[in-house]
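So the chains spell out like this:
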Amino acid sequence: MYTRLSAVMFPIVTVLLVGAVLWGYQVNQEKNSILIKAENQYQRAFHDLSTHIDKLHTELGNTLALNSASHDSQRKSLVNVWRLTSEAQNEINQLPLTLLPFNKTEEFLSNIANFSYRAAVRDLSKEPLSEDEMKTLTALYERSKQIAGDLRDVQSKVIANSLRWMDVETALATEHKQLDNTIIDGFQTVDKKVSEYEEVNWGPSMSALFEKRTFTALSGNDTTPEEIKQKAARFLDNRPVTDEQVVENGAGTEYNSYTYTAKDGNGDQLTLDFTKKGGQLIWFMSSREVGEPKLAPDQARAAAQTFLDTHGYAGTTPISYDAYQNVASIVFAARRDNIILYPEKVTVRVALDNGEVTGLQASDYLFEHKARDLKPPALDSKQARQKLNPNFQVSDESLALIKNDIGQEVQCYQFTGRVNGSLYRIYINADNGAEEKIEQLKTADVAA
């Protein structure tokens, strides 16, 4: 009996064993293939990074070598600087450096990209590179030379010693305090040197990037938790609530605020954030579950507009509409003297089952709502229209204040219309006729 059973089971076990070995071999081969592909990608990104930093140094030198009157050539060279810097940033993001401090170098490259882009997009014939900007380019040229040299040193060690980036990933993942890895040491050295550079004078065109939105810059006196409860009650139209709590955030910092929480009569959580200084609302959210949508976009906009008009945000106009999971997210901008002020934005979330406002984001409005000296435009509407594509069919127009690509506030004529079967909003500079911005819209973005 046992002999017969063995005769039956032996081939079966043999087949299973061979199958397991083959399966294990196949899994191991697939794993090795994935590791090889990952290693190849890391190696390519690293060597491309070294090449692009080297080219960046060369292009900065080319910009400095150009005649100051060669504005077109300067613009082309600055565009190349921006392109190379952007490519280098992209390659850094492809490397396993998330656990490795390399933020100073990334910040430095980001600032070069922003500086070169802002200089390239302006009219250099009217606003040429200043003496300070040329000094900045000289400083960037010298520092990029050092970074390129340090990366070449790491590159030569990687090639000479056949170092693998997968070992870097493993070393970083182990979270040992002392990481003994040539590549890691090389990148840490680069970042340390960058952190020790003297502060670069990036000039006025970059000042807006470095401006921090802090609550300490707001007007008003510090508020107390009890005052926050009163402000929350007024915002919530004095609806009955339970489990009220006020928690202070970031005490002693530039972002000192209060978070108010409570539950309404239906047990839904209500959350509101206020600044401690001045007690101004930052955002509001209700956790109510929203049912099937019943409201059209124009009805949702009307509900949001009524809410804003009665809660301290009167004089706004809808500028965009988006719906997701039965909730409409509608962006409004302030309108003053028939000019739409895009920097002063507030976003309202409307439940599409009954039109109730379930959320409000007011941080942009909070920081940008201020007095502005808006001068009459140099161009009239007819002159601005002549700058449009002849095939553009205008359905609506208005004056608008926007922020251009370099963060400057500019007054424009805003034209809404169609071309090539799509809906667009085009902004024409009201002083010089330049096309500052173009946006493709959805039909729901345009108020009926």
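Quick look at the structure, then. Position labels on residues start from 1 in each chain and follow its written sequence. In keeping with the model being predicted, local features are shown solely for residues with a pLDDT of at least 70 and side-chain atom pairs are shown and tallied solely at 80 or more, while totals for entire chains, interfaces and linings include all residues. Side-chain metrics rest on all non-hydrogen atoms present in the structure, leaving aside hydrogens and water.

Quick notes on the side chain of Asp191
Then, in step 1: The helix count covers DSSP runs of H or I at least four residues long, the strand count covers runs of E at least two residues long, and both are numbered beginning at the N terminus. Relative to the elements of secondary structure, Asp191 occurs in helix 6 (residues 182-195).
Then, in step 2: The buried charged residue Asp191 lacks any salt bridge, with Lys104 as its nearest oppositely charged partner at 7.6 Å.
Then, in step 3: Side-chain polar atoms of Asp191 contact the backbone nitrogen of Lys104, separated by 3.2 Å.
Then, in step 4: In protein, a polar contact means a hydrogen-donor-capable atom and an acceptor-capable atom, both N or O and within 3.5 Å, with residues adjacent in sequence counting only if both atoms are side-chain atoms; elsewhere, any N or O pair within 3.5 Å suffices. At 2.8 Å, the side chain of Asp191 and the backbone nitrogen of Thr105 are in polar contact. The cut-offs for exposure are 20% and 50% of the maximum accessible area for each residue type, with area from a 1.4 Å probe on protein chains only; residues under the lower value are buried, those over the upper are exposed, and the others partly exposed. His is not counted, nor are the chain ends; Lys and Arg add positive charge and Asp and Glu add negative charge. A pair is scored as a salt bridge if a Lys or Arg side-chain nitrogen falls within 4 Å of a carboxyl oxygen belonging to Asp or Glu.

Re the packing of helix 2 (residues 71-93) against helix 3 (residues 103-121)
Then, in step 1: Contact pair helix 2 / helix 3: the axes reach a minimum separation of 8 Å and the direction vectors enclose 155°. Relative to helix 3, the element helix 2 lies roughly antiparallel. The hand of the helix 2/helix 3 crossing is left-handed. Seen from helix 2, the contacting residues are Arg75, Leu78, Val79, Val81, Trp82, Thr85, Ala88, Gln89, Ile92 and Asn93; seen from helix 3, they are Glu106, Leu109, Ser110, Ile112, Ala113, Ser116, Tyr117, Ala119 and Ala120. In this analysis an axis means a line fitted to C-alpha atoms, helices contributing only their contacting stretch, and an angle means the value between N-to-C directions, from 0 to 180 degrees. Throughout this description, any angle smaller than 35 degrees is read as roughly parallel, any larger than 145 degrees as roughly antiparallel, any in the 65 to 115 degree range as roughly perpendicular, and the remainder as oblique. Note: crossing handedness is left-handed where the near helix turns anticlockwise from the far helix by less than a right angle, and right-handed where it turns clockwise. We call two residues in contact when some of their heavy atoms are within 4.5 Å.

A few points about the packing of aromatic side chains
Then, in step 1: Note on ring pairs: Phe, Tyr and Trp rings are taken, using the six-membered ring of Trp, and paired if centres are within 6.5 Å. Classes follow the plane angle, with under 30 degrees stacked, over 60 edge-to-face and the rest tilted. One pass over the structure, following the stated rule, counts seven aromatic pairs.
Then, in step 2: On the numbers, 6.0 Å between centres and 50° between planes, the contact of Phe46 with Phe187 is tilted. Placement of Phe46 in helix 1 (residues 2-65) and of Phe187 in helix 6 is noted, with a sequence separation of 141 residues between them. Per residue, the accessibility class of Phe46 equals that of Phe187, and both read buried.
Then, in step 3: For the ring pair Tyr342 and Tyr427, a centre distance of 5.7 Å and an interplane angle of 90° mean the geometry is edge-to-face. Here Tyr342, found in strand 7 (residues 339-351), pairs with Tyr427, found in strand 11 (residues 422-429); they are 85 residues apart in sequence, far enough to count as distant. In this pair, the class of Tyr342 matches that of Tyr427, namely buried.
Then, in step 4: Through successive ring pairs, a cluster of aromatic residues spans Phe235, Phe284 and Phe307.

Shape is all these values report; function is a separate question.
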